[in-house]
Amino acid sequence: MKIAMIGSGAAGSVFASYLRKGGAEEVWLVDPNKAHMDKVARDGMIFRNPDGEFHVTGFKTAYSAEEVGVADIVILMVKATITELALKGAMCCVGPETVVATLQNGLGNEEVVKKLVPEDRVMYGCGNMGTELPEPGVCVAKPSAGTENMYFGACVKNELTDRAGKYLEEKFAAGGLLPHFYEDVRPKVWRKATSNSGFNTVCAVLRLKIKEVYDDPEGVELVWSVWREASDVAAALGIPGIWEYMQEEMPRIVKGLGDYYPSMAQDTQAHRQTEVDSLTGAISMFGRKVGIPTPTCDILTREIKAIQANYERQY
């Protein structure tokens, strides 16, 4: 199959490397980062993961999707803030039997894709791993050990999505991951997005690390409020068990990531646009759809948007 990876920064390069290492026949990396694309085109990718360092070759590269042509599978790995813009630019890769998969973090990415692609050709999911791009032509994967680290499913099960999903599952597994193509991937996606939404947004607003938020009674209560609203919305969507999962997740997060500014806090520190619309903003959006109030998520989302709209004015 022909795969186009739209957005080939750290995560896109890592996912593509697992696929290519696993035997995917034709993998295109698409990214405007000229130095990275040129290095991979010339020398291949140096791919580091817990199993070692690998020289992965055979990629095709492009600065824009216009150079790629129609693909069997288009994978979106751009920042969630530009998903719709990037997909519009990649529609030249989407034919009548192309499956478009978003493997981006957060909630609601598939809803954006469905604006442009029929839902019976849309897949979504996520990878459970850290990724880095330390220099052009070099990517690093830090997957969770001994546990499922790539999961995805189709919006509508049919022959096309089954074929694409099973192909990705096979190639990711052969490349060294523990993937799963789910009949219903929503519980997995909501678990991860709920976990991210709490500390990401609260740490960004309070300018604190995870353990510092946890140790503050008001701060940790904000996290619990986000998680409660997310679990209520998920339950209304027919996805049970999120609240119970978060009770188990809290000590794992604090122990493993306590001395860490999550990505949204890093974005606000660096005066970058955040992915709040795919975290608390998405919980609010789904809440409106199912009639579940989400006051904490609403306010935190507005706060983050106000912060990022006024970086140059802040003391």
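Scroll up for the structure.
Residues numbered from 1 in each chain as written. Predicted model: local features only at pLDDT ≥ 70, side-chain atom pairs only at ≥ 80, totals over all residues. Heavy atoms only, no water.

Colleague: Quick question: what am I supposed to make of the overall build of the protein chain here?
Modeller: Of regular secondary structure, the protein chain possesses twelve helices and twelve strands. The C-alpha radius of gyration of the protein chain comes to 19 Å, within 12% of the 20 Å expected for a compact globule of 315 residues. Along the longest, intermediate and shortest principal axes, the C-alpha atoms of the protein chain span 55 × 40 × 40 Å. The buried share of the protein chain, reckoned over its 315 residues, is 50%. Looking at the protein chain alone, contacts between residues at least 24 apart form 72% of all its contacts between residues at least 6 apart. When the accessible surface of the protein chain is summed, it comes to about 13,900 Å², and 51% of that surface belongs to carbon and sulfur atoms. Between the mean site of the 34 positive side-chain charges and the mean site of the 42 negative ones, the protein chain shows a separation of 2 Å. (Helix = DSSP H or I, 4+ residues; strand = E, 2+ residues; numbered from the N terminus. Rg over C-alpha atoms; globule rule 2.2 N^0.38 Å. Buried < 20%, exposed > 50% of the residue type's maximum accessible area, 1.4 Å probe, protein only. Contact = heavy atoms within 4.5 Å. Areas by Shrake-Rupley, 256 points an atom, 1.4 Å probe, with all protein chains shown as cover. Lys, Arg positive; Asp, Glu negative; His and termini not counted. Charge placed at Lys NZ, Arg CZ, Asp CG, Glu CD.)

Colleague: What is the right way to read the state of the cysteines from this model?
Modeller: The bond known as a disulfide is covalent and runs between the sulfur atoms of two cysteines. A complete count under the given rule lists zero disulfides for this structure. C297 forms no disulfide, and the closest cysteine sulfur to it belongs to C203, at a distance of 15 Å. (Disulfide = S-S within 2.5 Å.)

Colleague: I tried to follow unusual backbone geometry on my own but got confused; where do I start?
Modeller: Peptide bonds are, in most cases, trans, and in most cases residues other than glycine have a negative phi. Even without being glycine, R207 reaches a positive phi, approximately 60°. Along the chain, R207 turns up in the loop between α6 (186-206) and α7 (210-215). The backbone phi angle of H271 is positive, close to 60°, even though this residue is not glycine. With respect to the element layout, H271 can be found in the loop between α10 (263-269) and α11 (280-290).

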